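Summary of structural features
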Amino acid sequence: MIMLKEYDCWLQKRKITAGINVPDTVFAHKGGEVSDRAVKEFVCGIDRLLGFKPKVSRKIAAGKSGVFLGLVSGMKDAPECCGAKNWDAKCSLSENGFFIKAAEKQIFIAGKDEPGLLYGVFRFLSLLALGLIKNVFELCDSPVSALRMINHWDNFDGAVERGYAGNSLFYKNGGFDFDRQRIEDYARLLASIGINRVSINNVNVRANAKLLITEKYLKDAGKLADIFRRFGIRLLISVNFGAPWSLGKLPTADPLDEKAADWWKNRVALIYKYIPDLAGFLVKADSEGEPGPFQYNRTHADGANMLAKAVKPFGGIIVWRCFVYNCVQDWRDKNVDRARAAYDHFIQQDGAFDDNVILQIKHGPYDFQVREPVSPLFGALKKTRHVMELQITQEYTGHQIDLCYLPWVWEDIMRYDSAHGEKSSIMELTAKREEGLCGIEGFSAVVNVGLDGNWTGHTLAQANLYGYGRMAWNPAVTAKEIAREWSALSFGLNETARKIENILLKSYPAYEKYNAPFGVCFMVTPNTHYGPNIEGYEFSRWGTYHRASADAIGIDRTPSGTGYTSQYSPKNAALFADPSTCPENLILFFHRLRYDYKMKNGQTLLQNIYDTHFEGYDDVAAMLEDWKSLENSLESEVYNSVLSRFERQLVNAREWRDQINTYFRRKTGIGDNRGRVIYD
Ligand code: GCW
């Protein structure tokens, strides 16, 4: 019977058989707080995996059997340690990187910097638990991404916008209210997957959250920062662009108004008194009603640069979100295309931003849909720092009721080739930072955690948080590798873990099949975004249309339509604009097609809509049966909590299947060519 303490996630306390001898003495100089945290985590990690706590010696005894932990700077002249001499000659580390060398009597973990040592310790422990460290082992690893950030959309009343895992870890009843141990456990989970930045409040900075940057709240924010700092994590605060007006009572928040700019300078100085290592601000402006520079006929560069100048003296950055669009659209107007907005606004400002401004761009042009093309901004921005924004919380992917393993689609995103010159896939653009070229500096993601005992609502949704950390560190890691790691770290090296790994890998294709078809997007219940409502957004102001008629569906985004395809590189513009080369899982995002359009499998578009929705439901039924087969190998609490969510997911999949199929049967008068039941 596999016991799983859900709260411990992938850091389970479970005795393993170590592939190597782990000495019972750790040699480590007294270091900074993060290095000391690394030593503590090594000791605790060995205790939870091997059942003993190594003792710590601050005096390095060269040649002795032991575990040597330290920084590159202090370990270059490492004692004759497991042949690690001159290791740095063959292992060039970048920021936050680490080197691991393990041999029979000695283990050597060196960090490029303090966080690097901490990441090296966590990676050693996870490799040990995965049984991947045998005899002599050597690993030299640095994160491809400099910025590996988590965004919290947590509100001061304790609610979490688009949160499906309980209330906020940080706030309650209008202010900070957190359990220090819970925050420390959370910081440990994030550090164990290489996260180095956390923004702590909703980007929609409303109500009391506007006062976060006042002394009333900064003291508590500072206490939060103290806990995260020990784990190498620096905070960002989301600020409301209109604060000089709404908080400072100035007549304007115009970024070019000197008084408004001075107000921010003074406010920043106050903030850094309480959080000296604040990484900076995260800003949502001119989007969904949030204030921004457009209100003053200023550009986003004007807005971001004004804030950038305020934080520059403190080494701060401004992470400026590109989620802007005209959300007062008239559904009758086929010329306005929300998908065009971010590129239209920002490409013309490439190079206009200060060097401490980083644009944060959603992976797709729309809004975290189950399938979207990658934003045309990636590969096109040549002179502006930027990161990609992903969503771990399952706003459009099942609310952590439905299992939907997101690394599956993230792998597609990382391998997408923007075709802007050489090495221009997302993962190659991320690696370009090393070569000093303007590439993707990292990733940011809206987190899926809350106060639920298992952190994520659905226990298997922990794999999405784990997977985000692994891919943010190295975008080349595959969904399969992540599923294997997470399943084994959580459930052990056994057949049950392998079965859970396979269920994870089946879940995204299943979800995509029963959801909005072939990249047409939305069709979700308005506001909640869970469950089907095929015309729920069809006449809204949000620009989220499918325009299904009696004989066709989809949006023409080619030059003969909204021209969105032209925002891509010439190669991809041509690829997407031609239905015969456009990837079929996106064909209704880019094209308006008749239902009798022949798809690559020889069936019509309409029949493919029916087939995918019947299959999607059947796939969920199969996952449910797979899970039931584990009843006798899993302790009942975990088994039953996940079982109940699979049963709810099956109800949701049936609704999607039947509503979508019935909708198109009624629209077209054409049934399923295999005579399966479609309700009239
Ligand atoms: O997906 C939409 C969500 C909003 C969110 C917004 C954003 C925080 O429905 O809840 O607001 O995107 O990304 O700013």
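Residues numbered from 1 in each chain as written. Predicted model: local features only at pLDDT ≥ 70, side-chain atom pairs only at ≥ 80, totals over all residues. Heavy atoms only, no water.

Section: the overall build of the protein chain
- Within the protein chain one finds 19 helices and 18 strands.
- Computed over C-alpha atoms, the radius of gyration of the protein chain comes to 26 Å, within 12% of the 26 Å expected from 2.2 N^0.38 for 680 residues, which places it in the range of a compact globule.
- With respect to the principal axes defined by its C-alpha atoms, the protein chain has extents near 80 × 65 × 50 Å.
- Looking at the protein chain as a whole, 64% of its 680 residues qualify as buried.
- Considering only contacts in the protein chain between residues 6 or more positions apart, those separated by 24 or more positions represent 72%.
- Split by element, the accessible area of the protein chain, about 24,500 Å² in all, is 51% carbon and sulfur. (Helix = DSSP H or I, 4+ residues; strand = E, 2+ residues; numbered from the N terminus. Rg over C-alpha atoms; globule rule 2.2 N^0.38 Å. Buried < 20%, exposed > 50% of the residue type's maximum accessible area, 1.4 Å probe, protein only. Contact = heavy atoms within 4.5 Å. Areas by Shrake-Rupley, 256 points an atom, 1.4 Å probe, with all protein chains shown as cover.)

A short note on the site of the ligand
- Residues in close proximity to the ligand total 15 residues, the closest being Glu161, Lys284, Arg321, Asp367 and Glu395.
- In the environment of the ligand, an oxygen atom lies 2.7 Å from a nitrogen or oxygen atom belonging to the side chain of lysine 284.
- Residue aspartate 367 places a side-chain N or O atom 2.7 Å away from an oxygen atom belonging to the ligand.
- When isolated, the ligand has an accessible area of 340 Å², and the protein chains bury 98% of it.
- A breakdown of the residues in the shell around the ligand according to their chemical character gives four nonpolar, three polar and eight charged. (Near = heavy atom within 4 Å. Polar contact = N/O pair within 3.5 Å; in protein donor to acceptor, adjacent residues only side chain to side chain. Nonpolar A, V, L, I, M, F, W, Y, C, P; charged D, E, K, R; others polar.)

Quick notes on the state of the cysteines
- A complete count under the given rule lists one disulfide for this structure.
- A sulfur-sulfur separation of 2.2 Å characterises the disulfide bridge that pairs cysteine 91 with cysteine 140. A torsion of 85° about the S-S bond marks the disulfide between cysteine 91 and cysteine 140 as right-handed. Taken together, the positions of cysteine 91 in the loop between helix H3 (87-90) and strand E4 (98-102) and cysteine 140 in strand E6 (residues 137-141) put the pair 49 residues apart, joining distant regions of the chain. (Disulfide = S-S within 2.5 Å.)

Some points on the pattern of salt bridges
- Inspection of every chain in the model, using the stated rule, returns 44 salt bridges.
- The salt bridge involving aspartate 355 is made with lysine 312; its shortest N-O contact spans 2.7 Å. With aspartate 355 in the loop between helix H10 (341-346) and strand E14 (357-362) and lysine 312 in the loop between helix H9 (300-311) and strand E13 (317-321), this pair connects stretches of sequence that are 43 residues apart.
- A relative accessible area of 44% means that lysine 312 is categorised as partly exposed.
- Via salt bridges that share partners, Arg37, Glu41, Glu184, Asp185, Arg188 and Arg230 belong to a single interconnected network. (Salt bridge = Lys/Arg side-chain N within 4 Å of Asp/Glu carboxyl O.)

As for the sheet that holds strand E12 (residues 280-283)
- With respect to topology, eight strands assemble into a closed barrel ordered E7-E10-E11-E12-E13-E14-E15-E16, the strand pairing being parallel. Averaged over neighbouring strand pairs, the angle between their axes works out to 25° when direction is ignored.
- In terms of strand pairing, E14 meets strand E15 (residues 386-391) through four bridges, oriented parallel. Each residue of the ladder has a partner; that of leucine 359, found in E15, is histidine 386. (Pairing = 2+ DSSP bridges. Axes fitted to C-alpha atoms, helices over the stretch in contact; angles between N-to-C directions.)

A short note on the packing of helix H8 (residues 258-274) against H9
- Across the interface, H8 lies against H9 with an axial gap of 8 Å and an inter-helix angle of 40°. The angle between H8 and H9 places the two elements in the oblique class. Relative to H9, H8 is oriented so that their crossing is right-handed. Residues Ala261, Trp264, Lys265, Val268 and Tyr272 of H8 lie in contact with H9, whose contacting residues are Met306, Leu307, Ala310 and Val311.
- Its residues assigned to classes, the contact of H8 with H9 comprises eight nonpolar, no polar and one charged. (Parallel < 35°, antiparallel > 145°, perpendicular 65-115°, else oblique. Left-handed = near helix turned anticlockwise from the far one by under 90°.)

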